[in-house]
Amino acid sequence: MNEVSPIVAASSEAFDVQRVREDFPALHQDVHGKPLVYLDSAATTLKPQSVIDAVDEVYARDCANIHRAVHLLSQRATARFEEAREKVRAFLNASKKTEIVFTRGTTEAINLVSHSWGRSSLREGDEVLVTELEHHSNIVPWQILCQQTGAKLVVVPMTDRGEVLREAFENKLSERTRLVAMAHVSNALGTVLPVSELIALAHERGALVLLDGAQAVSHVDVDVQALDCDFYAFSGHKLYGPTGIGVLYGKERLLDKMPPYQGGGDMIRSVTFEETIYNDLPYKFEAGTPHIAGAVGLGAAIDYFSSFDAELIHAHENAVLHYATEALKAVPGLRLIGTAPGKVAALSFLMESAHPHDIGTIVDAEGVAIRTGHHCAQPVMEHFGIAATARASLGMYNSRDDIDALVAALRKVRELFG
Ligand code: PLP
């Protein structure tokens, strides 16, 4: 990994991580009689008190269905839900609120595009391009789509450091590529893909681009207009918000032409047995009662995140990542998986004599929560000829002390397994 720059180091010091930790109640508990060290934010981030309060308040005070009734509670709930949409719009720098569709999460957002855009647009012989480092959520929906339409799934290989290089990408792009679906940041490896450059290449060939932003939103700046991506998907629970709520951003001119994904209440303007007229964007894609408290909680998470200078958060995390990388490299018999320059937030690793699940169990007994397994990225594991890794991943609340605790716990693994 690259040296941490003096600017990053200085801004990291300007970030008061101890103060931030006070905002996250889940951090203040013991597990197995030890203070919790949470290093699994790539799976889900912990929630600040303000998000918990916002969700609580919806159920305690503004508990009503939205867009439907004239009574005051419903008006308040509707206003809060739509305010949350505006917060998401501003966070992604989308030009219009109509481009923000609430979903259950990244997975549903990707499935929405594959069902709606994919089934209405793809023909036999068309190609969908993904990369080798995708999460299963950004592979399986396209596989199903290809099986149903006769289109072909094409895979851009990654390097042994876990990078997706321009040349490899260009080699796989063709006149038949209709859509590129790729991660902005890899969950298993922490690689940040050079998405601006790759989007421009895809557009030159007339292909649309969907970015899976699940791991990006809390670690890199996202500006959908500057990126010029056609679709962007993310989950609230990886941005310090609730589970069960996520977002699909789509360019209005594309969403407008796409057929509904699901039918039901709220997505219609009028229904007769002969004909249904669909609602305007974004409601056309929001059938049924949505996760109202979840959307409000996501809005509160965006408020919380935006109350900091994002540059300071990123610099702090990068400094902790650098510290962790050096500390883990010094553990005898430990091998890092995923060493792309400029990577963020996640450290996958193996130890010579211990299976990742044993590592996870032993460090858990020391109070350290990490993830073990294939991380829903089995093709990544296949690339490295392994079945699983142990993965420590960072959030804004992690400090060097957490890394010291992890390394101490890994020493126990070595004592037990040699
Ligand atoms: N894509 C990536 C890169 C992820 O890391 C994840 C979750 O870990 C997902 C997609 C799926 O997110 P969700 O389960 O919130 O829909």
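Residues numbered from 1 in each chain as written. Predicted model: local features only at pLDDT ≥ 70, side-chain atom pairs only at ≥ 80, totals over all residues. Heavy atoms only, no water.

A.B. asks: Lay out the environment of D364 in plain terms, naming residues and giving numbers.
C.D. replies: Topologically, D364 is positioned in helix α13 (residues 356-365). We classify D364 as partly exposed; its relative accessible area is 31%. Taking the C-alpha atoms as reference, D364 lies 23 Å from H322; in sequence the two are 42 residues apart. (Helix = DSSP H or I, 4+ residues; strand = E, 2+ residues; numbered from the N terminus. Buried < 20%, exposed > 50% of the residue type's maximum accessible area, 1.4 Å probe, protein only.)

A.B. asks: Report on the sheet that holds strand β13 (residues 334-337), specifying residues and quantitative values.
C.D. replies: Here we have 4 strands laid out as an open sheet, ordered β13-β14-β17-β16, and antiparallel in their pairing. Looking along the sheet, the strands with just one partner apiece sit at the ends: β13 and β16 (371-373). Here the strands of the sheet are splayed against their neighbours by 30 degrees on average, with no regard to which way each runs. With 4 bridges connecting them, strand β14 (residues 346-351) and strand β17 (residues 389-393) associate as antiparallel partners. Across the sheet, the residue bridging to F349 is A390, located in β17. Taken strand by strand, α13 contacts β14, β16 and β17, and its axis lies near 160 degrees from that of β16. Strands β13, β14 and β17 of the sheet are contacted by helix α15 (residues 400-417), whose axis makes an angle of about 15 degrees with β14. (Pairing = 2+ DSSP bridges. Axes fitted to C-alpha atoms, helices over the stretch in contact; angles between N-to-C directions. Contact = heavy atoms within 4.5 Å.)

A.B. asks: Explain the sheet that holds strand β8 (residues 208-212) residue by residue, including any values.
C.D. replies: Sheets are built from strands that pair by backbone hydrogen bonding, the pairs being arranged parallel or antiparallel. Strand order in this open sheet of 7 strands is β4-β10-β9-β8-β7-β5-β6, and the pairing throughout is mixed. Single-partner strands in this sheet number two, and they are β4 (100-103) and β6 (152-156). Between one strand axis and the next, the sheet turns through 20 degrees on average, direction left out of account. Summarising the sheet, strand β9 (residues 231-235) and strand β10 (residues 246-250) pair through 5 bridges and their orientation is antiparallel. Within β10, the residue paired with S235 across the bridge is G246. Along the sheet, helix α4 (residues 72-92) makes contact with β4, β9 and β10, crossing β4 at roughly 115 degrees.

A.B. asks: Give me the packing of helix α12 (residues 310-329) against α15: which residues, what numbers.
C.D. replies: Running from amino to carboxyl end, α12 crosses α15 at an angle of 20 degrees, the nearest separation of the two axes being 9 Å. Relative to α15, the element α12 is oriented roughly parallel. With respect to the hand of their crossing, α12 and α15 are arranged in right-handed fashion. Contacts between α12 and α15 pair A319, V320, Y323, A324, A327 and L328 from the former with R400, I403, D404, L406, V407 and L410 from the latter. For the contact of α12 with α15, the class distribution of residues is 10 nonpolar, no polar and 2 charged. (Parallel < 35°, antiparallel > 145°, perpendicular 65-115°, else oblique. Left-handed = near helix turned anticlockwise from the far one by under 90°. Nonpolar A, V, L, I, M, F, W, Y, C, P; charged D, E, K, R; others polar.)

A.B. asks: Explain unusual backbone geometry to me, and be specific about the residues and the numbers.
C.D. replies: Keep in mind that most residues, glycine aside, have a negative phi and that most peptide bonds are trans. Omega for the bond connecting L281 with P282 falls within 30 degrees of zero, at 0 degrees, which places this linkage in the cis form. Tracing the backbone through its elements, the reader meets P282 in the loop between β12 (276-278) and α11 (292-306). Residue Y240 is not a glycine yet carries a positive backbone phi of 70 degrees. Looking at the secondary structure, you find Y240 in the loop between β9 and β10. Backbone geometry places C376, a non-glycine residue, at a positive phi of 55 degrees. The residue C376 is located in the loop between β16 and α14 (378-384) in this model. Here C376 falls in the partly exposed class, since its relative accessible area comes to 26%.

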